[in-house]
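Coordinate analysis (summary)
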Amino acid sequence: MTRVFLILATLTSFVLAACTTGNDGSATGSGVYRIRNEERVQFRMLDSVNALREAAGSPAVQLNAQLNAAAATHSRDMSVQNRPWHFGSDGSSPLDRVARVGYSGALLGEAISETYENEQQTLAAWMQDSGTRSVIMDPKATNMGFSWFQEPNGKIWWTLVMAN
């Protein structure tokens, strides 16, 4: 009887863990992450990026409203196109999008993702890829733009832009 109870308790904890996402998101029973407290997401990402940069000896970056706008536009456009790639439905490049929002600095790179995971899991995946890691950790970066678009089905399109 004790053995059955322990097995049930263990299974229950796994099921509950699969249905929760923490204080700032919610999940359905299928584990789909839903963004809540949207006003905090960019700051959590900024803090995480700056912690990684500090550990590597790179200077901190700050959020830039123009770069956030460029990132938001691209995240929504990727959803419309239903594919993660660096070109807009109008053929625009990351350079074009940054110029359109009036940013006068230099674009250093862009990281994109299509996922059902939260921003911290997305950042972890980006850091495992040498290309996106080099964008995030570029020591020349002084500004960051970050945004997302979440579809009704839960899929999230993330865009991070680094510039100086």
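Read on for an overview of the structure. (Residues numbered from 1 in each chain as written. Predicted model: local features only at pLDDT ≥ 70, side-chain atom pairs only at ≥ 80, totals over all residues. Heavy atoms only, no water.)

What follows concerns the environment of Arg133. With respect to the element layout, Arg133 can be found in helix 6 (residues 130-137). Arg133 sits 22 residues away from Ala111 along the chain, and the two C-alpha atoms are 8.8 Å apart. The contact partners of Arg133, leaving out residues within four places of it in the chain, are Trp126, Met127 and Gln128. (Helix = DSSP H or I, 4+ residues; strand = E, 2+ residues; numbered from the N terminus. Contact = heavy atoms within 4.5 Å.)

On to the packing of aromatic side chains. Within the structure shown, the criterion is met by three aromatic pairs. Measuring from ring centre to ring centre gives 5.5 Å for Phe146 and Trp158, while their planes differ by 10°; the resulting arrangement is stacked. With Phe146 in strand 5 (residues 143-150) and Trp158 in strand 6 (residues 156-163), the pair connects residues that are twelve residues apart, well separated along the chain. Each member of the pair, Phe146 together with Trp158, is buried. Residues Trp148 and Trp158 carry aromatic rings whose centres are separated by 6.1 Å and whose planes lie at 50° to one another, so their mutual orientation is tilted. Of the two residues, Trp148 is situated in strand 5 and Trp158 in strand 6; the sequence distance between them amounts to ten residues. Just as Trp148 is buried, Trp158 falls in that class too. Every member of this aromatic cluster is reached through a ring pair, and the members are Phe146, Trp148 and Trp158. (Phe/Tyr/Trp six-rings, centres within 6.5 Å; stacked < 30°, edge-to-face > 60°. Buried < 20%, exposed > 50% of the residue type's maximum accessible area, 1.4 Å probe, protein only.)

Our next topic: the pattern of salt bridges. Enumeration according to the criterion identifies five salt bridges in this entry. Here Glu119 makes a salt bridge to Arg44, at a shortest N to O gap of 2.7 Å. On the criterion of sequence distance, the pair formed by Glu119 in helix 5 (residues 119-128) and Arg44 in helix 2 (residues 38-55) is long-range, its members being 75 residues apart. The two residues Glu119 and Arg44 agree in class, both being buried. Its salt-bridge partner being Lys140, residue Asp138 comes within 3.6 Å of it at the nearest N-O pair. When its relative accessible area of 11% is taken as the criterion, Asp138 is described as buried. (Salt bridge = Lys/Arg side-chain N within 4 Å of Asp/Glu carboxyl O.)

To continue, consider the sheet that holds strand 4 (residues 107-115). Pairing is mixed across the open sheet formed by four strands, whose spatial order is 3-5-6-4. The open sheet terminates on both sides in strands that have one partner only, identified here as strand 3 (62-63) and strand 4. Across two bridges, strand 3 lies against strand 5 in parallel orientation. Within strand 5, the position partnered with Leu63 by the bridge is Met144. (Pairing = 2+ DSSP bridges.)

In this section: the nonpolar core. Within the largest apolar cluster, 22 residues are counted, with the highest numbers of intra-cluster contacts made by Val49, Trp126, Met144, Phe146 and Leu160. Contacts of Leu160, omitting those with residues within four sequence positions, involve Met45, Val49, Gly109, Glu110, Ala111, Trp126, Ile136, Met144, Gly145 and Phe146. Counting seven residues, the second largest nonpolar core, distinct from the first, contains Leu67, Ala71, Leu107 and Ala163. (Core = buried A, V, L, I, M, F, W, Y, C linked by side-chain atoms within 4.5 Å.)

Let us look at helix 5. Regarding helix 5, the residues found buried are Glu119, Thr122, Leu123, Trp126 and Met127. Relative to the axis of helix 5, the buried residues are bounded by an arc of 140° and lie together on one face. Summarising the contacts, the buried residues of helix 5 are in contact with strand 2 (33-35), helix 2, strand 4, helix 6, strand 5 and strand 6. The N-cap of helix 5, judged by a side-chain oxygen 2.9 Å from the amide nitrogen of Gln120 a few residues on, is Asn118. (Arc of directions from axis to C-beta. Polar contact = N/O pair within 3.5 Å; in protein donor to acceptor, adjacent residues only side chain to side chain.)

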